[in-house]
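# Structure assessment
Residue-level listing of the chains:
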Amino acid sequence: MKAAKLRTKDVTFSDRISHLPEDLLFRILSLVPISDAMQTSLLSKRWKSVWKMMPTLEYHKESCPNIGSLGFEEFCKRSLQLHEAPVLKTLTLKLNRQKSLKLPSSFPNAAFQKLVVLKLHTVTPYLTDSQPSTVCFRSLKSLHLTHVSFCGEEVFCRLISACPVLEDLFLDSVTSCLHGLSRSSFTISVPSLQRLEIKQNTSEDPIYPSYHSGFKIDTPSLKYLWISHFIASFIFIEDCMPNLVEARLGVDPYQTDQFLRFLTSVQFLSIHIYSKEVLLLAEKISQRLLHLELHIYGKISRNLLLHLLKHSPKLQFLKLQETHNTMIWPTYPSRLCRFQEYNDPPPSICNPSSVPECVSFHLENFKWIVYEGREEEKEVVLYILQNAPCLKTAVISLSSYGPRRGEELLMIKELESMPMASTSCQLVVRHR
């Protein structure tokens with residue numbers, strides 16, 4: 001038997017990555033720091049201009065170590081000057097520490113013209129003394145400002161006015177450093193705006209947040225409004241939101257009445273409200289409402305809820321939650337929080353003569369959050385289950401501060417024994 005001879009063959013390793021579609025190459029480069037993406041231009045002729053055509057650029061100061069002696073702002077400016085894509089879909093600038101950002105000198109003119117989405121994180125933008133016409137994001141549709149501090153309201157207003165076709169505005173923990181903690185005031189007057197989101201993240205300083213924020217809003221084309229800011233004041237121009245479709249209003253319930261006049265066309269509503277104002281909400285609520293999340297400060301009776309549902313004939317989703325006490329943020333210069341209790345009885349309403357239309361024909365999903373098993377709560381849950389033949393799911397989340405283990409099991413047994421008009425309804429009882 002002859003020994004087998006080992007033969008070697010020439011093996012050619014092809015550059016498979018370079019032959020990938022450009023869209024996939026853009027996704028790969030988006031996963032590395034922009035300074036590393038730029039260095040891929042040295043690999044071959046194929047890679048020379050790939051990063052220059054990326055539709056999304058993210059500049060994060062902490063993840064751009066390879067910029068040599070250039071400062072971060074100068075690095076951003078020079079690299080953007082090299083960008084060749086006809087459209088810059090998204091530009092993100094994140095400094096991690098509150099640093100000044102000069103506009104428009106931090107951007108080449110071409111970036112202003114083709115940018116669609118701009119995201120600024122942890123910066124203090126200020127405008128140079130250029131003519132207002134030179135500071136213009138002509139194509140900008142979406143502006144995200146997160147932990148951004150402005151040197152006065154004028155800077156904020158100039159930035160907003162430089163976006164003539166802006167449709168989406170997201171503000172998260174936006175403040176004014178001109179007055180420190182004393183006050184922050186912002187005017188949002190954008191005729192083209194369709195979506196507005198205002199949040200305040202108090203996790204960084206929950207004891208003493210920058211709560212003196214004020215927003216004056218004039219947005220006639222607005223369709224989506226989402227506010228989660230319990231420590232700010234809001235002023236609205238009359239009839240400024242006639243086309244509002246969705247409203248999520250996590251605001252101090254003392255201010256809820258200011259929003260009620262804008263709810264005549266909404267289809268989705270999430271609102272924090274005092275039980276005594278539910279009657280007013282019923283008068284203002286949209287007849288086209290499909291989704292309602294009601295966070296009640298106080299108690300809501302069965303008859304009061306049914307009165308509200310009478311004015312929502314198409315409702316398909318209903319979520320309820322009661323709050324009987326809450327923390328009140330301090331008034332400057334005090335640093336002490338206090339607890340507020342809501343024990344006022346709900347308004348007295350006569351027993352309805354008929355079942356609301358939405359309950360009989362449209363309601364498909366029902367949720368009760370922080371259920372404690374009180375008699376008033378049982379009446380509401382029993383009524384919905386007994387009279388909603390289209391109900392698909394009923395979710396009851398038990399309060400974590402509720403009864404002991406034995407009492408909790410009895411409560412679950414009571415819920416499961418309630419008669420249901422729907423033969424296909426799934427009852428889910430959750431432990432918080």
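Located above this text is the structure these notes cover.
A brief structural summary. The numbering scheme is per chain: residues are counted from 1 as the chain's sequence reads. Only residues with pLDDT of at least 70 are given local features in this predicted model, and only at 80 or more are side-chain atom pairs given and counted; all residues enter the totals for whole chains, interfaces and linings. By convention in this description, side-chain values take in all heavy atoms of the structure and omit both hydrogens and water.

So, about helix α7 (residues 302-310). The periodicity of an α-helix, 3.6 residues per turn, causes residues three or four places apart in sequence to face the same way. Whether a residue is buried, partly exposed or exposed follows from its accessible area with a 1.4 Å probe, protein chains only, as a fraction of its type maximum: under 20%, in between, or over 50%, in that order. Helix and strand labels come from DSSP, where a helix needs a run of H or I of at least four residues and a strand needs a run of E of at least two; each type is numbered from the N terminus. Among all positions of α7, only Asn-303, Leu-304, Leu-305, Leu-306, Leu-308 and Leu-309 are buried. Contact between two residues is taken to exist if any of their heavy atoms lie within 4.5 Å; hydrogens are not considered. Along its buried surface, α7 packs onto α6 (278-284), β15 (291-297), β16 (317-323), α8 (357-361) and α9 (375-387).

Moving on, we come to the sheet that holds strand β12 (residues 232-236). What the three strands build is an open sheet, ordered β8-β10-β12; its pairing is parallel. The outermost strands of the open sheet, each flanked by one partner alone, are β8 (184-189) and β12. Adjacent strand axes in the sheet meet at a mean angle of 15 degrees, parallel and antiparallel pairs treated alike. Relative to strand β10 (residues 213-218), β8 runs parallel, the two being bridged by six bridges. Opposite Phe-186, over in β10, you have Phe-215 as the bridge partner. At least two bridges found by DSSP between two strands is the condition for calling them paired. Helix axes are fitted only over the stretch in contact, all axes being lines through C-alpha atoms; the angle between N-to-C directions runs from 0 to 180 degrees.

With that out of the way, let us pick up the pattern of salt bridges. Salt bridges are identified by distance alone: a Lys or Arg side-chain nitrogen within 4 Å of an Asp or Glu carboxyl oxygen. Following the criterion strictly, the structure yields eleven salt bridges and no others. Between Lys-314 and Glu-357 there is a salt bridge, and its shortest N-O distance comes to 3.8 Å. Of the two residues, Lys-314 is situated in the loop between α7 and β16 and Glu-357 in helix α8; the sequence distance between them amounts to 43 residues. Relative accessible area serves as the criterion here: at 38%, Lys-314 is assigned to the partly exposed category.

Turning to the packing of α7 against α9, a few remarks are in order. When two helices pack together, their arrangement is given by the angle between the helix axes and the distance between those axes. Viewed as axis vectors pointing N to C, α7 and α9 meet at an angle of 45 degrees, and their least axial separation amounts to 9 Å. By the angle between their axes, α7 is oblique relative to α9. For the pair formed by α7 and α9, the contact residues are Arg-302, Leu-305, Leu-306 and Leu-309 on the first element and Glu-379, Val-380, Tyr-383 and Ile-384 on the second. In this count, Pro and Cys sit with the nonpolar residues alongside Ala, Val, Leu, Ile, Met, Phe, Trp and Tyr, while Asp, Glu, Lys and Arg are called charged and the others, Gly among them, polar. The residue inventory of the contact of α7 with α9, partitioned by class, reads six nonpolar, no polar and two charged. The labels follow the angle: roughly parallel below 35 degrees, roughly antiparallel above 145, roughly perpendicular from 65 to 115, and oblique for the rest.

So, on to a nonpolar patch on the surface. Each patch groups residues whose relative accessible area exceeds 30% and which form no salt bridge, using 9 Å between like charges and 5 Å between nonpolar side chains of Val, Leu, Ile, Met, Phe, Trp and Tyr. In these tables, accessible area is a Shrake-Rupley quantity obtained with a 1.4 Å probe, and a residue counts as shielded only by the protein chains included in the view. A surface patch of nonpolar side chains, amounting to about 230 Å² of accessible area, comprises Ile-17, Leu-24 and Ile-28. Mapped onto the fold, Ile-28 is located in helix α1 (residues 22-29).

Further remarks concern the pairing of strand β4 (residues 142-146). Summarising burial for β4: five of the five residues are buried, a large majority. Side chains Ser-142, His-144 and Thr-146 of β4 all project onto a buried face; the interleaved residues Leu-143 and Leu-145 project onto the opposite face, where all are buried too. Relative to strand β6 (residues 168-172), β4 runs parallel, the two sharing five bridges. Directly across from His-144, in β6, lies its bridge partner Phe-170.

Checked against the element boundaries, Lys-114 lands in helix α4 (residues 109-114). Distance and chemistry together define a polar contact, namely a pair of N or O atoms within 3.5 Å, with one atom able to donate a hydrogen and the other to accept it when in protein, and with adjacent residues in sequence counting only for side-chain atoms on both sides. Here the side chain of Lys-114 touches Ala-85 through a polar contact of 2.9 Å, landing on its backbone oxygen. When residues no more than four places from it in sequence are discounted, the contact partners of Lys-114 are His-83, Glu-84, Ala-85, Pro-86, Val-87, Leu-88 and Ser-139.

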